[in-house]
Every structure is written in C-alpha cells, then in structure tokens.
Amino acid sequence: MSMAYEEYMKQMVKPMREELVQAGFKELTASEEVERFMEGLEGTALVVVNSVCGCAAGLARPAATQAVLRSEKKPEHLVTVFAGQDKEATAKMREYFDGYEPSSPSMALLKGKEVVHFIHRHDIEDHSMEAIMENLLAAFEANC
C-alpha cells in the first residue's frame, strides 16, 4: 500500500476515532495493548469495534456514546479497536469474543473476560440509534 493512501486513510478516520475518544473511550491500536488490557481487566468493560461503514457513524458510535453519557450504571472501562485500520488489535480483541462471529461495527459488554452482552452489526443496521442505545442501557442495568 502506498504511503499516500495510508496517510489519506488516517486523516479520513480521524474524526471517527475522536468521536469515541472524546466520549471517554481508550483506543487500543496494537495487539499488545489489547492483551495487556484484557489480561488485567477487572470489572466491566464496553468494547466498541469501530468501523468506517455508515452504520457505525450514524448508529453505533452515537448509540455507544449516548448510552455511556445517559446511564447511571455504566461499565468501568470503555475501550475501542478499529476494524480495517488497526487490524492486529482488532483480531486480538476478537479472540476474546469466544463464540461470536467477527462483526464490524459491533459492541461487547464484558464482565472480566466474559462477554455478557454482544451487539452484532445486524443488531445495528436497520435499527434506530435510540433502539441500539436502549439495548446498551438495558445491558448496563443488568450487568454493571
């Protein structure tokens, strides 16, 4: 891949990354970061598998940020990996989603290393942002 293309993609996805970071999510961009995070994880965590697709921009990221903002019960940790951009980090995180097919965008609510709630792309596409947010809020209420 050319350097010009890689730079173009970095600039294109920058606002997509910042949307979650500004809402308090920590980006995990390397497989080693994912491994360190997961090996030390105690409590609850919301993992957003970010993506450049339209349903990530119009539905998944806003639902995740609004759910975190509006909930009294929320995960102790908020992290994100970027599918198609940080490929090794995303692949490593997906190793922890045992039994769940790769999906982007997607969201996993973890208790320790156990996935207690998972939202696939098909649970995002063709759903309203509010419905996705309510899905997350119910998961937070039940597990956080």
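One can find the structure itself at the top, above this paragraph.
Because the structure is predicted, anything quoted here is derived from the model rather than measured.

Draft legend 1. Main features of the pairing of strand S3 (residues 77-82). Burial within S3 is extensive, with five of its six residues counted as buried. In the sheet, strand S1 (residues 26-27) pairs with S3 via two bridges, with the strands oriented parallel. If you follow Lys26 over to S3, its bridge partner there is Val79. With six bridges connecting them, strand S2 (residues 44-50) and S3 associate as parallel partners. Counterpart to Asn50 in the pairing with S3 is Phe82.

Draft legend 2. Geometry of the packing of aromatic side chains. Under the definition given, this model contains two aromatic pairs. Measuring from centroid to centroid gives 5.5 Å for Phe97 and Phe118, while their planes differ by 70°, and the two rings are edge-to-face. Taken together, the positions of Phe97 in the loop between helix H4 (87-95) and strand S4 (106-111) and Phe118 in strand S5 (residues 114-119) put the pair 21 residues apart, joining distant regions of the chain. The burial state of Phe97 is the same as that of Phe118; both residues are buried. Note on Tyr100 and Phe118: the rings are 4.6 Å apart at their centroids and 25° apart in plane angle, and the pair reads as stacked. With Tyr100 in the loop between H4 and S4 and Phe118 in strand S5, the pair connects residues that are 18 residues apart, well separated along the chain. Here Tyr100 falls in the partly exposed class, since its relative accessible area comes to 31%.

Draft legend 3. Just the pairing of S5, in detail. Two strands pair when backbone bridges link them, and S4 and S5 are joined in this way by five bridges, in the antiparallel orientation. When the bridges of S5 are listed, Met107 appears paired with Ile119. The turn linking S4 back onto S5 is made up of two residues, and Gly112 within it adopts a positive phi angle of 65°.

Draft legend 4. Expanded view of the packing of helix H1 (residues 3-21) against helix H3 (residues 54-70). Two numbers describe how H1 lies on H3: the axes approach to 9 Å, and their chain directions differ by 20°. Regarding the angle of H1 to H3, the classification is roughly parallel. For H1 against H3, the interelement crossing comes out left-handed. Mapping the contact onto sequence places Met16, Glu19 and Leu20 in H1 and Arg61, Pro62 and Thr65 in H3. Grouping the amino acids of the contact of H1 with H3 by side-chain chemistry returns three nonpolar, one polar and two charged.

Draft legend 5. Local environment of the nonpolar core. Ranked by size, the top nonpolar core spans 25 residues in total, and within it Phe25, Leu46, Val48, Met107, Ile124, Leu136 and Phe140 carry the most contacts. Among the secondary structure elements, those contributing two or more residues to this core are S2, H3, S4 and helix H5 (129-143). Discounting chain neighbours no more than four positions away, the residues touching Met107 are Leu46, Val47, Val48, Ala60, Ala64, His117, Phe118, Ile119, Ile124, Ile132 and Leu136. Listed in part, the 19 residues of the second largest apolar core include Leu41, Ala45, Tyr96 and Val115.

Draft legend 6. Summary view of the packing of helix H2 (residues 31-39) against H4. The geometry of H2 relative to H4 is characterised by a closest axis approach of 7 Å and an angle of 30° between their N-to-C directions. Comparing the axis directions of H2 and H4 gives the class roughly parallel. Contact residues: H2 offers Ser31, Val34, Glu35 and Met38, while H4 offers Glu88, Ala89, Lys92 and Met93. Considering only residue class, the contact of H2 with H4 consists of four nonpolar, one polar and three charged.

Cut-offs used in this document
Residues numbered from 1 in each chain as written. Predicted model: local features only at pLDDT ≥ 70, side-chain atom pairs only at ≥ 80, totals over all residues. Heavy atoms only, no water. Buried < 20%, exposed > 50% of the residue type's maximum accessible area, 1.4 Å probe, protein only. Helix = DSSP H or I, 4+ residues; strand = E, 2+ residues; numbered from the N terminus. Pairing = 2+ DSSP bridges. Phe/Tyr/Trp six-rings, centres within 6.5 Å; stacked < 30°, edge-to-face > 60°. Axes fitted to C-alpha atoms, helices over the stretch in contact; angles between N-to-C directions. Parallel < 35°, antiparallel > 145°, perpendicular 65-115°, else oblique. Left-handed = near helix turned anticlockwise from the far one by under 90°. Contact = heavy atoms within 4.5 Å. Nonpolar A, V, L, I, M, F, W, Y, C, P; charged D, E, K, R; others polar. Core = buried A, V, L, I, M, F, W, Y, C linked by side-chain atoms within 4.5 Å.

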